[in-house]
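A structural walkthrough
As a plain string of letters, each chain reads:
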Amino acid sequence: MRLLIADKLHARAIEELGTLPLEVVYEPELTKESLEKRLPGFGILVVRSTDVTASAIDSAKELNLIVRAGAAFETIDVRAASKRGIYVANCPGKNASAVAELVFGLMLSLDRRIPDAVASLRAGKWERKEFGKSEGLHGKTLGVAGLGAIGRDVAHRARTFGLNVVGWSRSLTPARAAEIGIAHAGSIEELASRSHILTLHLALNDRTRQIVGKRVLAALPERATFINTARADLVDYAALIEAAEKRGLRAGLDIFPDEPRGTRTFATPDIIRSFPSGGLIYGTPHIAAATDQAQLSIATETVRIIRSFLLEATVPNVVNVSSSAAARFQLVIRMMDKVGTFANVLAVLKRHGINVEEVTNTVFEGGAAACAKLRLLSRPTESCLAEVKAFSEVLHVDLVTLPMLA
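Figured I'd write up the structure that's included with this text. (Residues numbered from 1 in each chain as written. Predicted model: local features only at pLDDT ≥ 70, side-chain atom pairs only at ≥ 80, totals over all residues. Heavy atoms only, no water.)

Turning our attention to unusual backbone geometry. Of note in this structure, Asp258 is not a glycine but carries a positive phi near 55°. Residue position: Asp258 is located in the loop between strand E11 (250–253) and strand E12 (280–283). With phi around 55°, His286 is a residue other than glycine that occupies positive phi space. Its location among the elements puts His286 in the loop between E12 and helix H13 (292–311). The exposure class of His286 is partly exposed, given its relative accessible area of 42%. (Helix = DSSP H or I, 4+ residues; strand = E, 2+ residues; numbered from the N terminus. Buried < 20%, exposed > 50% of the residue type's maximum accessible area, 1.4 Å probe, protein only.)

Structure (structure tokens):
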């Protein structure tokens, strides 16, 4: 099988992938457009920021697995992959520490105006009085929107700074918040109203797109701090600038709309500035997960996924396999491990119009017998089961009714 790595990946991972039964092709400069032409002929694709479109997926008849070397996967057309029976997997939580570290770096920078102080010092100025004005973080309330791996890491580290933590996400319950050791907010507007500092760690989807707009920003106290290291499209940046101009909002941003690929002039640098009202916006060029530790951790997880797919026929962290299949029955068949036995069973099910949703087959020590478990959409008739039992190689058959899932 051939593997295409279409983005930069840690050298150690490329070396380890070379030990697997794979032909590894490393072309990190591929773009969304060039990927479509290059992808045919490859069975596995690894990407980070490169978009994987439906047309690219449709062009690659041999493709079996797409690995997103990172947590989010909205740059991949998962629906198109699912239609083609292609696994999509990601590497969740592997960059949590790196992102959390930048969150606090931005938080401290905004409070102490570290970038401006450094720039002043480099310009030969000694403005101790000006840059000695800061509020401090201890005792303030940190609102965390999104309690995945990164949000939980941020909440955990916040205690070291003496911050009180309140959390919100659509799935967060008061009981779960108590387990994490934080307070619970019933909505993102409530979270904002209770927060001196609001940090965003939500996935991007139709429900969260521009979730932080005028209403949420207006709920923040005067001169509050806002941090976004998640996704640019979660925020109405025009409303953010207005809040900085009129209400003295301070913001630390690691992501921006229409980011350039590679090293080029940024089209909208004017957003990174101070405002007469005391508002202040600092930015970094999408580097939250870009520590050596995080990159190695993500690369190691990428290798684990590919190794498991090749050698164990399982896909860790798969995001497009149904977790609540429609199967209503499970057929358990113990049989001799002989050529054609399983095929005969499947042929009977096909003849009776029984759709098989999922199959697992285990061979026992010595290789004489096997046990197959088949999840079925409909109940086999007694005549169908009798045909299966009639094969001399079949040792025993059980039919189990699966519980209804809520």
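Picking up where we left off.
Bringing the packing of aromatic side chains into the picture now. This structure, assessed with the given rule, holds three aromatic pairs. Here Tyr87 and Phe309 contribute two aromatic rings whose centre-to-centre distance is 6.2 Å and whose plane-to-plane angle is 70°, an arrangement assigned as edge-to-face. With a gap of 222 residues between them, Tyr87 in strand E5 (residues 87–89) and Phe309 in helix H13 connect regions that are remote in the sequence. Here Tyr237 and Phe256 contribute two aromatic rings whose centre-to-centre distance is 6.5 Å and whose plane-to-plane angle is 85°, an arrangement assigned as edge-to-face. On the criterion of sequence distance, the pair formed by Tyr237 in helix H12 (residues 237–247) and Phe256 in the loop between E11 and E12 is long-range, its members being 19 residues apart. Phe256 shares its class with Tyr237; the two are buried. (Phe/Tyr/Trp six-rings, centres within 6.5 Å; stacked < 30°, edge-to-face > 60°.)

Bringing the packing of helix H14 (residues 341–351) against helix H15 (residues 382–390) into the picture now. The interhelical angle for the contact between H14 and H15, taken along N-to-C directions, is 165°, at an axis separation of 10 Å. Between H14 and H15, the interaxial angle falls into the category roughly antiparallel. Seen along the crossing, H14 lies across H15 with a hand that is right-handed. Packed against H14, whose contacting residues are Val345, Val348, Leu349 and Arg351, the element H15 presents Cys384, Glu387 and Val388 at the interface. (Axes fitted to C-alpha atoms, helices over the stretch in contact; angles between N-to-C directions. Parallel < 35°, antiparallel > 145°, perpendicular 65-115°, else oblique. Left-handed = near helix turned anticlockwise from the far one by under 90°. Contact = heavy atoms within 4.5 Å.)

Among the nonpolar cores identified, the biggest contains 36 residues, and Val212, Phe226, Tyr237, Leu240 and Leu253 are the most heavily contacted of them. Mapped by element, the contributors of at least two residues to this core are strand E7 (164–168), helix H10 (188–193), strand E9 (197–200), helix H11 (214–219), H12 and E11. Discounting residues that sit within four places of it in the chain, Phe226 has contacts with Leu198, Leu200, Val212, Val235, Leu240, Leu249, Arg250, Ala251, Gly252 and Leu253. Listed in part, the 27 residues of the second largest apolar core include Val154, Val165, Ile180 and Ile227. (Core = buried A, V, L, I, M, F, W, Y, C linked by side-chain atoms within 4.5 Å.)

This part is about the sheet that holds strand E8 (residues 183–184). Ordered by their spatial adjacency, seven strands build an open sheet running E8-E7-E6-E9-E10-E11-E12, and the pairing between neighbours is parallel. Two strands in the sheet have a free side with no partner beyond their single neighbour: E8 and E12. Contacting strand E6 (141–145), E9, strand E10 (225–228), E11 and E12, helix H5 (residues 96–112) runs over the sheet at an angle of about 145° to E11. Its contacts with the sheet place helix H8 (residues 149–158) against E6, E7 and E9, and it is angled at close to 170° to E6. (Pairing = 2+ DSSP bridges.)

Bringing the side chain of Ser120 into the picture now. Along the chain, the position of Ser120 falls in helix H6 (residues 114–122). Setting aside anything within four residues of it in sequence, one finds Ser120 in contact with Lys125, Glu127 and Phe131.

This brings us to the sheet that holds strand E16 (residues 394–401). Pairing within the open sheet is antiparallel, and its four strands lie in the order E14-E15-E13-E16. The open sheet has two edge strands, strand E14 (356–363) and E16, and neither has a second partner. Averaged over all adjacent pairs, the angle separating strand axes in this sheet is 15°, with direction ignored. Relative to E16, strand E13 (residues 329–336) is paired through seven bridges, and the arrangement is antiparallel. Looking at E16, one finds that Arg334 is bridged to His396.

What follows covers the pairing of E13. E13 sits mainly inside the fold: six of its eight residues count as buried. Where E13 lies against strand E15 (residues 369–376), eight bridges are found, and the strand directions are antiparallel. Considered in E15, the bridge of Ile333 is made with Ala372.

On to the packing of H5 against H8, then. Packing of H5 against H8 leaves a shortest axis separation of 9 Å and a crossing angle of 50°. Considering their axes alone, H5 and H8 lie oblique with respect to each other. By crossing handedness, the relation of H5 to H8 is classed as right-handed. Along its contact with H5, which presents Ala96, Ser97, Val99, Ala100, Glu101, Val103 and Phe104, the element H8 presents Ala149, Ile150, Asp153, Val154, Arg157 and Ala158. Residue composition of the contact of H5 with H8, grouped by class: nine nonpolar, one polar and three charged. (Nonpolar A, V, L, I, M, F, W, Y, C, P; charged D, E, K, R; others polar.)

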